[in-house]
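A structural walkthrough
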Amino acid sequence: DGGITQSPKYLFRKEGQNVTLSCEQNLNHDAMYWYRQDPGQGLRLIYYSQIVNDFQKGDIAEGYSVSREKKESFPLTVTSAQKNPTAFYLCASSEGGAYSNQPQHFGDGTRLSIL
Amino acid sequence: GNSVTQMEGPVTLSEEAFLTINCTYTATGYPSLFWYVQYPGEGLQLLLKATKADDKGSNKGFEATYRKETTSFHLEKGSVQVSDSAVYFCALNSGGSNYKLTFGKGTLLTVNP
């Protein structure tokens, strides 16, 4: 079955440490996204990528970095510069080009906590 | 810019009650509209969508109609079940050169037996 796989499901970060969240999709989608979800705030876009080797900052990119070396993979690194990283992180993908109205498909998320 | 406003939760209903979750939006151009559902501890699942004015999206007994004149996309279900308990998100995609989704803050629905 096609879908989006996020790993790990739970992740703990120590102070000053960078951690990387994995996102893999086998839907052959061009576009991929990372969101952060905090209680009562809905979803906020961190980064998105419309095509391999290209990505754009979203609304809250500070303290995060991404790469898109393969179509299937869009890992997110939470750096030590992100002072409040505790949140639920969701990866999504969608097909289509610049004028697409296709929906986004989501993974099951990674919950990141500070030790 | 684009924005989505949903009714504040939480919403608590008894089984078989009628559900309405209001959603209004502000957007440039002609957005596509979506409802997503999130069950506890999981990611979001697409519930239904509508891509142009007067379209009605429907799935699993849920319905929403794209109303351009009132810029609304209210979610309705005639008879809710305990298994419908979840957080519901309204979202829009305005296309153009940047097709990211804009989400509402979500509405928590709890259905009691």
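In this text the structure is predicted, and so the values were computed from the model without any measurement. (Residues numbered from 1 in each chain as written. Chains lettered and ligands numbered in written order. Predicted model: local features only at pLDDT ≥ 70, side-chain atom pairs only at ≥ 80, totals over all residues. Heavy atoms only, no water.)

1. Re the overall build of chain B
Cut-off, in case you're wondering: Going along the chain from the N terminus, every DSSP run of H or I of four or more residues is numbered as a helix, and every run of E of two or more is numbered as a strand. Throughout, the radius of gyration refers to the C-alpha atoms, and the reference size of a globule is 2.2 Å times the residue count to the power 0.38. Using a 1.4 Å probe on the protein chains alone, a residue whose accessible area is under 20% of its type maximum counts as buried, one over 50% counts as exposed, and one in between counts as partly exposed. To measure how exposed things are, a 1.4 Å probe is used in the Shrake-Rupley method; for residues, cover is taken only from the protein chains shown. Charge assignment: positive for Lys and Arg, negative for Asp and Glu; neither His nor the chain ends contribute. The atoms used to mark charge sites are NZ of Lys, CZ of Arg, CG of Asp and CD of Glu.
For chain B, the helix and strand inventory stands at zero helices and twelve strands. Relative to its length of 113 residues, chain B is compact, with a C-alpha radius of gyration of 14 Å against a globular reference of 13 Å. Across its three principal axes, chain B shows a C-alpha extent of roughly 45 × 30 × 20 Å. Counting the 113 residues in chain B, one finds 43% classified as buried. Accessible surface computed for chain B: about 5300 Å², of which carbon and sulfur atoms make up 48%. The averaged location of the 10 negative side-chain charges in chain B is 9 Å from the averaged location of its 9 positive side-chain charges.

2. Brief notes about the nonpolar core
Keep this limit in mind: We call a set of buried residues a nonpolar core when its members are Ala, Val, Leu, Ile, Met, Phe, Trp, Tyr or Cys and they connect through side-chain atoms within 4.5 Å of each other. Residues are treated as being in contact if the distance between any of their heavy atoms lies within 4.5 Å.
The biggest cluster of nonpolar side chains holds 25 residues, and the ones touching the most others in it are Leu-19, Trp-35, Leu-48, Phe-73, Leu-75 and Tyr-88 of chain B. Breaking this core down by element, the ones donating at least two residues are strand E2 (11–14), strand E3 (19–21), strand E4 (23–26), strand E5 (32–38), strand E6 (44–50), strand E8 (62–65), strand E10 (86–93) and strand E12 (107–112) of chain B. The leading source of residues in this core is E10 of chain B, at four residues. Once residues lying within four places of it in the same chain are set aside, the contact partners of Tyr-88 of chain B are Gln-6, Ile-21, Trp-35, Tyr-36, Val-37, Leu-47, Phe-62, Leu-75, Gly-106, Thr-107 and Leu-109 of chain B. Grouped together as the second largest cluster of nonpolar side chains are 19 residues, Ile-4, Phe-74, Val-78 and Tyr-89 of chain A included.

3. Side note on the environment of Leu-109 of chain B
Residues and elements named next belong to chain B. Tracing the backbone shows Leu-109 in strand E12. Overall, the relative accessible area of 1% leaves Leu-109 in the buried class. Residues Leu-109 and Cys-90, spaced 19 residues apart in sequence, show a C-alpha to C-alpha distance of 13 Å. Apart from residues lying up to four places away in sequence, Leu-109 is in contact with Val-11, Leu-13, Leu-19, Asp-84, Ser-85, Ala-86 and Tyr-88.

4. Brief notes about the pattern of salt bridges
Filter applied, for reference: By convention in these notes, a salt bridge is any Lys or Arg side-chain nitrogen within 4 Å of a carboxyl oxygen on Asp or Glu.
In this structure the tally under the stated criterion is six salt bridges over all chains. Within this structure, Arg-36, Asp-38 and Arg-44 of chain A form a network of salt bridges that share partners.

5. Topic: the layout of surface pockets
This is how the line gets drawn: Of the grid points, spaced at 1 Å and generated over the protein atoms alone, those admitting a 1.4 Å probe that cannot get out make up cavities, while open sets with protein on both sides within 12 Å along at least five of seven lines make up pockets; any residue with an atom within 4 Å of a point is treated as lining. Grid points are joined across faces, edges and corners, and a volume is the space filled by probe spheres set on the points. Polar here means any residue outside two lists: the nonpolar Ala, Val, Leu, Ile, Met, Phe, Trp, Tyr, Cys and Pro, and the charged Asp, Glu, Lys and Arg; Gly therefore counts as polar.
By volume, the largest pocket is sized at about 550 Å³. Every residue lining the largest pocket is counted, 27 residues in all, and those nearest its centre are Pro-39 and Gly-40 of chain A together with Val-87, Phe-89 and Lys-105 of chain B. Broken down by secondary-structure element, the contributors of at least two residues to the lining of the largest pocket are strand E1 (3–6), E10 and E12 of chain B. Within the lining of the largest pocket, the residues separate by chemical class into eleven nonpolar, eleven polar and five charged.

6. Focus: the packing of aromatic side chains
Selection criterion: When two rings of Phe, Tyr or Trp (its six-membered ring) have centres within 6.5 Å they constitute a pair, described as stacked for plane angles under 30 degrees, edge-to-face for angles over 60, and tilted for the intermediate range. By definition here, charges over rings are those cases where NZ of Lys or CZ of Arg is within 6 Å of the ring centre and within 35 degrees of the ring normal.
Applying the stated criterion to the full structure yields 13 aromatic pairs over all chains. An aromatic cluster is defined as three or more aromatic residues linked by ring pairs; in this entry it consists of Tyr-33, Tyr-35, Tyr-48 and Phe-106 of chain A together with Phe-34, Tyr-36, Phe-89 and Phe-103 of chain B. Positioned over the ring face of Phe-74 of chain A is Arg-68 of chain A, at 6.0 Å from the centre of the ring.

7. A closer look at the pairing of E10 of chain B
Residue and element names in this part refer to chain B. Using the following cut-off: When DSSP finds two or more bridges between a pair of strands, those strands are recorded as paired.
Here E10 lies mainly inside the structure; seven of its eight residues are buried. Two elements, E5 and E10, share seven bridges in a ladder whose sense is antiparallel. What sits directly across from Leu-33, in E10, is Leu-92. As defined by bridge partners, E10 adjoins strand E11 (residues 101–103) across three bridges and the pair is classed as antiparallel. Residue pairing across strands places Ala-91 opposite Phe-103, the latter belonging to E11.

8. Details of the pairing of E6 of chain B
Residue and element names in this part refer to chain B. Note that E5 and E6 share six bridges and pair antiparallel. Across the sheet, residue Trp-35 finds its bridge partner in E6, namely Leu-48. The turn joining E5 and E6, which pair antiparallel and follow one another in sequence, is formed by five residues; a positive phi near 75° is taken by Gly-41.

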